[in-house]
Every structure is written in structure tokens, then in C-alpha cells.
Amino acid sequence: MKVFGVVGWKNSGKTGLMERLVAEISGRGFTVSTVKHAHHNVDVDQPGKDSYRHREAGAVEVVLASRKRWAMMHEHRGAPETELEELLTKMAPVNLVLVEGYKRHNHPKVEAHRTETGKDLLAREDRTVRAVASNAQPDGLPVPVLNLDDTSGIADFILSETGLSDTPSATPDIAPPKRLKNDCFALPPGVNWTPVDDALDRLRDSLAPVVGTEVIPSHTALGRVLAAAPEAARANPPAPNSAVDGYGFSHASIGSGAQTLPLVNGRAAAGAPFKGSVPDGMAIRILTGAVIPPGVDTVVLEEDVTLGEGHIAFDAGLKPGANTRRAGEDVDAGTELFEPGHRLRAPDLALLAATGLAEVSVYRTLRIGVLSTGDELAAPGSTMDLGRTYDANRPMLLALAAGWHAQPVDLGHAPDDRDALRKILDRAVDEVDIILTSGGASAGDEDHMSAILQDEGSLAAWRIALKPGRPLALGQWQNVPVFGLPGNPVAALVCALIFARPAVSVLGGGRWLTPTATTLPAAFGKAKKAGRREFLRARRTETGEVDVFKSEGSGRISGLSWADGLVELPDPAQDIVPGTSVNFIPYTELFSL
Ligand code: AMP
Ligand code: MG
């Protein structure tokens, strides 16, 4: 978010200017918000109003909301007044925040000025004032003077100062989400068992991002997916600098062989550049990271120098430019740093910061609702009834969602009852971008999830040639994609990792994800049948092989936890004996731990 201020003495016309600027700049397609610093006896609240009574009674914050607008009132209650910077963090992201008042804060400003006020201009002393908008032509100002009535010219000035281009970018700060096609999960007719790779291809082709975009401070963007390609705002390094502690000089000004160069007074250090230039034939003390001063192009390491009184001696033989870093040698200004769809990692935040990008355009965080279905389910700790099954899938799937950089939303547990399920789904669509359900996904009498999607939403029941896993119910409820996973926790996990993970990435604006498998010798034997993909709960041994869980029983949840990954056996038949190479996908490839 860019911030620009409007200041001025009383009656200088600053509020009128604010008003015209908001209209002008929003009229050009930018989103604009404002902050107004008011006199202490201006109050949004009024005695006798309900909100006033809540505040007077001691509420920490009062939100006053109506159909027209809402406002949050926060009482200082003796604490110091909230700084502008903190107030800005509470605002919704927009292209530009125009601030009226807050003269003493160091954001850039335009000063409104009318000769009638008889006051002298702030701009004469205050370096944060970048221009004056006046009804006259005051003399001797260090900044441009604009015509107070030329709103369009003042808007141009502010947009260029804040680096907002003349036309809003194709990706506005807040872009609305898109919708998937209603039949996006449909399978071709007549398909019986779909091979895993076909199912993945089909899924990949049918999905698109379902979240809008927003512009956020780069340092808060860890794990977020870029919606637009950021371009380096400046080069890294921005100026040539020294790569070592040593002495700098002009290479062309010295000869070959032993050199003795007199030292200039002063030095160049990182953050404390040398103000003058270094004459030919002289040297300057220079430290790592210091900007190379004019007159210097080469640095000799301090270890290679004999320091005398006011001079240095060393053997020439350095190449021109030795021990210096060229401006932009790492990144040139304007370089496209990443492609859209890239998920930002810790080192990426360093690159954004180093190239001057305080903000990035990202997809909104995908909200993943997780719902368990089945009359038999109960929360652990809630009952000792042996007829009930503790809900194991919900915490697992919520944790996966968090590990996929999404926002997990707990939709609770639905009984096997269509009306109850409908109510939950109807409510969920306002709160989430995608729903992961488990249980009830087959075509049996008690499989209400697939039934309700079939009758009232849209459903494609995918029968995938996969073990463990039964049909995957893919559908939509009021345009929100629903992933109906099998109820069995082993199958639910495998289907979530193999199918939901890459799908969730694409729905959130990211890339399709294919886990990288490592080939390891098997520590087990197995005669695998043809015609389906199999995933086995597996773990690396200390001797570098991979072993599988003692039982392939689909109810064995302990095996999921015993494992540190999955062995993936290809579709054809295979006779595996100890030593056979198999593909192992570590859990770390499938979710963040
Ligand atoms: P379903 O797909 O609903 O027929 O469920 C298949 C099996 O998984 C049944 O034994 C269910 O009790 C079990 N199951 C379903 N949901 C869960 C859950 N959330 N946690 C643990 N087991 C479950
Ligand atoms: Mg069930």
C-alpha cells in the first residue's frame, strides 16, 4: 500500500483537495482509502448511543455495524495515541492511502496552500513535503509548486511519486475470485476404473484458481502464492561496492610492480560512504559493503598491504575491478524475479527485500473447510461407547491444510442425514473456498455425501485404480469445489496426498505439484497385482533401504504414523524381493511437518 499525505494550515484548502484527489484517483481505477487526523474534540461516537454506552462501560473495542458501514472504535484509555503506521496495518489493502494531517510523520506529502491564511509554508523546512499545491506562486521553495485547482496535475504528481503507474495494473489490488465450470470434474462416459495418472491429468486440466488476489507487505508473504510477477524495483547491489576490507584506488592511475600510494583523509564504510572523490594515484581505506567512491575502481585486500604513515605499499598485479562488486551484478533493476504461481519461501523474502519490493501481489489464502461425516463418529474424549469411532480424519486433514499453506476451517462433523448435511454445506460455502469431506463418498445407502452432491449439487464419482482408496467424490456445492475423500483414514490420507494436494495448490493460485520420489532398495518382498497403483506405508531403514508396515490392513492407522513416507508401486504387476528398487515418496514431499 502506498501512502501519501495532504497537509496544510487551517483554511489552506486541504480537505477540499483531499476530496478532489480521492475522486480523481479512484476515478482512474485505483483503490483509495483515507486517514484523517482529527482534533481531540471531534468524536465518531455520540452520548446516548448504544455504542457510546458500551464504550463508557469499559469495552476494549466497540464495532458499530449496520447495513451501510462498520467502524471499529478503539479507546486509548490513557495509552499513547496510536501511531499512523499502526493504523495503516488495520486497513484493508488498497493501492493508495491518502492521509490528511499527521504533519510530523515522515511519509511524503503535498502541502495545500492559500495566500489568504497568511501562514508561511511548511515546505520551507519540512523535507517530507514533496510539492506545494498553492493558489499563488510562492518563491524560493525547494519543491515544485502546483496549481491548487489543478487536481489532475496534483494526482499525476502523487501517482508518479508513489510509483503507481498512470494506469492501474491489470491485476488490481483486490481481484475477485473466479468460478470453476459446473461440470469441471466430469469423466468421459463409459470409464470404469481410471488409472491414477489419467485421474491426475484430468484433475490438472479441470482446475483453476478460485481465490482473488491482494497486495500485502512482502515481509508477511511467506508461503503465499504470487499473483503477478514482481520486478526488481532497484538493482542489487544498487551501487558498486567493495567485496573486502582493504584500500581502493583507480587501476589506470597506477603502474606495475611495487606501489606506494598516499591515502586520502577519511574512509568509505558500509552505510557511511566517502563524500568526496579519490584523486588519481591516491588510495582510500574502504570496508566491505562500502559504496565505491568516485575515482576508485579496484580494491586491494588489507592483508596484501603494508600500512605506513599516511600511505600504503603493495605489489600491483590486481586486475581492474578486483575485489569490487558491480552495481546490479546480482540482479538488475526491472528483472522479473519470479513467475506468477510461485510460492514464496524464506530466501525469496530476502530477494524481494534486497530489490526494494515492499509489497507483492499474491493470491488470497485458500480457505479449506474440513468436514467429517458418519453417524458413528464422535470426538475423542466425548464418549466411551464402543459403537462409536473417534473422528481421526478431521484433525489429520485440518493439519494437512495448514501444512499446505492454506487456512484450515473446521466444519465439524455431520451425521448421516441429508438435511443436516445440506445445512452444513450451505453455511460452509460462505466461509471457505474448497471443502474436503471424508466418509460417505461411495454409492451405498448411507453414503449421503455423494447422494446429496449428485441430487442437489454436481458430482462426478471417480473410481480410481488405486489401493488404498475407493471412489473419490468430486463435485461442487454452489460453485465451491468439494473433495469427497473415503472415510477410512488410511485411504483418506493417501487420496488427500495424491489428489487433493496438487488440486489445492492450483485452486490457491499455485502450480500443479508432483512429489519427487527417491529410488531405494526394498527391505521387503511383495507380489503386486496388475491393474492398479498401490501406495504402502513405508519407512527408511538405518541401512538406507525402505521397509513397509507389517500390515496393509486399511484400518491400521498406526501404520500411517509409523511411516515416514509412502512406497509407490506402479500400475503393472511386480514381484518385489528384498533389494528390488522401489519409489519412495517421503512425507516431507507431501506436506510440511
Ligand atoms: P465410509 O466411507 O463413510 O463408509 O467410512 C468408511 C470407514 O471409515 C468406516 O469404518 C468409518 O467408520 C470410517 N471413518 C469414516 N470417517 C472417519 C473419521 N472421520 N475418522 C475415523 N474413521 C472414519
Ligand atoms: Mg460413513
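Above this text sits the structure in question.
Given the structure is predicted, the values throughout are model-derived calculations rather than measurements.

The rules we used
Residues numbered from 1 in each chain as written. Chains lettered and ligands numbered in written order. Predicted model: local features only at pLDDT ≥ 70, side-chain atom pairs only at ≥ 80, totals over all residues. Heavy atoms only, no water. Phe/Tyr/Trp six-rings, centres within 6.5 Å; stacked < 30°, edge-to-face > 60°. Helix = DSSP H or I, 4+ residues; strand = E, 2+ residues; numbered from the N terminus. Buried < 20%, exposed > 50% of the residue type's maximum accessible area, 1.4 Å probe, protein only. Lys NZ or Arg CZ within 6 Å of the ring centre and 35° of its normal. Pairing = 2+ DSSP bridges. Axes fitted to C-alpha atoms, helices over the stretch in contact; angles between N-to-C directions. Contact = heavy atoms within 4.5 Å. Near = heavy atom within 4 Å. Polar contact = N/O pair within 3.5 Å; in protein donor to acceptor, adjacent residues only side chain to side chain. Areas by Shrake-Rupley, 256 points an atom, 1.4 Å probe, with all protein chains shown as cover.

Undergrad: Before we go on, may I ask you to explain the packing of aromatic side chains in this structure?
TA: In this description, a pair of aromatic rings is defined by centroid distance and the angle of the planes. Enumeration according to the criterion identifies four aromatic pairs in this entry. Between Phe249 and Phe314, the aromatic rings sit 5.3 Å apart at their centres with planes inclined by 35°, giving tilted as the arrangement. Taken together, the residues Phe249 in strand β12 (residues 246–249) and Phe314 in strand β17 (residues 311–315) connect sequence positions 65 residues apart. For the pair Phe249 and Phe314, one class covers both residues: buried. It is Arg463 that lies over the ring of Trp193; its NZ or CZ is 4.4 Å from the centre.

Undergrad: Where do I start with the sheet that holds strand β5 (residues 96–100) in this structure?
TA: Through backbone hydrogen bonds, the strands of a sheet pair up, either in parallel or in antiparallel fashion. In spatial order, the strands read β2-β5-β1-β6-β7-β8; together these six strands make up an open sheet with parallel pairing. The open sheet has two edge strands with one neighbour each: β2 (32–36) and β8 (145–147). Neighbouring strand axes in the sheet, compared pairwise and without regard to direction, differ in orientation by 25° on average. Where strand β1 (residues 2–7) lies against strand β6 (residues 109–113), three bridges are found, and the strand directions are parallel. Across the sheet, the residue bridging to Val6 is Val110, located in β6. Sheet strands touched by helix α4 (residues 151–161): β1, β5, β6, β7 (129–134) and β8. Its angle to β7, the strand with the most contacts, is close to 175°.

Undergrad: Hey, could you run me through the site of ligand 1 in this one?
TA: By nearness alone, 15 residues border ligand 1, and Glu376, Asp391, Ala392, Gly440 and Asn488 come closest of all. Between ligand 1 and the protein, one listed contact pairs a nitrogen atom with a backbone N or O atom of Ala392 at 2.9 Å. The backbone of Gly440 places a nitrogen or oxygen atom 2.8 Å from an oxygen atom of ligand 1. Contact with the protein chains hides 75% of the accessible area of ligand 1, taken as 480 Å² for the molecule alone.

Undergrad: I'm lost on the pairing of β5 in this one. Help?
TA: The buried count for β5 comes to five of five residues, which makes it a mostly enclosed element. By the alternation rule, side chains of β5 split into Leu96, Leu98 and Glu100 and Val97 and Val99, which are all buried. Across five bridges, β1 lies against β5 in parallel orientation. From the neighbouring strand, Val6 faces β5, where its bridge partner is Glu100. Pairing between β2 and β5: five bridges, direction parallel. Looking at β5, one finds that Thr34 is bridged to Leu98.

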